[in-house]
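Per-entry structural report
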Amino acid sequence: MFFKKSLPTDTEIATGILAGGSTRRIFENILYEKFYYLIKDGTFKHRITEEDASSCYSDAIIAVIDAIISNKFQEKAQLKTYTYQIFNNKCVDQIRKSTTNKESVNQGTSIDEFALQMPDESRLIIQQLSEEFEFDKLKKQLTLLGEKCKQMLMAWSEGFSDKEISGMLEYNSPQVAKTSRLRCLEKLKENYLK
């Protein structure tokens, strides 16, 4: 007689994530794979692309992990319900983002638009200074993220896929590499906009 291997309980997953280190990574993988089917549900229910649903799912998993670490998830709801609710909200946000043009309405005049009104020589100087400042700022923020995030984002910016990155940086799967990459990008964005 064969016994089916049971999946870890919500408490075991939360405890594993809180353990940190390699144990945390293992349980983050388990969490990611446990509700992976939500991506298909999201594409069907919300009529969004699989890529958008996958991105929403990764964001949801990151939010769940953050909630576990910060003790916001206290198992009052099942992990499945908690994850589904966050994922559903991320999908709705994605739909809103792609159907409204709020972002373009609230934007002011960029430096590039301002520079276009200047004489050629002045415009080139301003654009060069702006690019140098942005590049230096980005380099500094990448360094502050840590070596692994920096390597991952540099590889991704050079066109390497999550599958290739997972092999180069020894992640368990492309999905874990993608989740880590999205977390690194989120940290970079937060730090960059400060």
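These figures come from a predicted structure and were not determined experimentally.

This brings us to a negative patch on the surface. Taken together, the side chains of D59, D66, E186 and E190 define an acidic patch exposed on the protein surface. Of all the secondary structure elements, the ones that give two or more residues to the negative patch are α4 (50–69) and α11 (174–192). Inspection of the secondary structure assignment puts E186 in helix α11.

A complete count under the given rule lists 6 salt bridges for this structure. One salt bridge connects R183 with E28, and the closest N-O pair in it is separated by 3.7 Å. One end of the pair, R183, is in helix α11; the other, E28, is in helix α2 (residues 21–34), and 155 residues separate them in sequence. The exposure class assigned to E28 is buried, which follows from its relative accessible area of 11%.

Right, let's get into the nonpolar core. I17, L31, Y57, I68, L79 and F87 are the most contacted members of the largest nonpolar core, which has 24 residues in total. Of all elements in the fold, only α1 (10–19), α2, α3 (38–46), α4 and α5 (79–99) reach the threshold of two or more residues within this core. If you tally residues by element for this core, the top one is α4, at 9 residues. Not counting residues up to four positions away in its chain, the partners in contact with F87 are L38, I39, G42, A53, C56, Y57 and A60. Core analysis: the second largest hydrophobic core is formed by 7 residues, M152, A155, I165 and L169 among them.

Phi is positive for N71, which is not a glycine, with a value near 65°. As for its position among the elements, N71 is in the loop between α4 and α5. Unlike most non-glycine residues, E170 shows phi in positive territory, near 60°. Relative to the assigned elements, E170 resides in the loop between α10 (162–168) and α11. Exposure remark for E170: the relative accessible area of 67% places this residue in the exposed category.

Take D10: it is sitting in helix α1. What makes D10 buried here is its relative accessible area of 17%. With residues up to four places along the chain from it excluded, the contact list for D10 reads K34, E75, Q78 and L79.

Procedures and definitions
Residues numbered from 1 in each chain as written. Predicted model: local features only at pLDDT ≥ 70, side-chain atom pairs only at ≥ 80, totals over all residues. Heavy atoms only, no water. Patch = residues over 30% accessible without salt bridge, like charges linked within 9 Å, V, L, I, M, F, W, Y side chains within 5 Å. Areas by Shrake-Rupley, 256 points an atom, 1.4 Å probe, with all protein chains shown as cover. Salt bridge = Lys/Arg side-chain N within 4 Å of Asp/Glu carboxyl O. Lys, Arg positive; Asp, Glu negative; His and termini not counted. Charge placed at Lys NZ, Arg CZ, Asp CG, Glu CD. Helix = DSSP H or I, 4+ residues; strand = E, 2+ residues; numbered from the N terminus. Buried < 20%, exposed > 50% of the residue type's maximum accessible area, 1.4 Å probe, protein only. Core = buried A, V, L, I, M, F, W, Y, C linked by side-chain atoms within 4.5 Å. Contact = heavy atoms within 4.5 Å.

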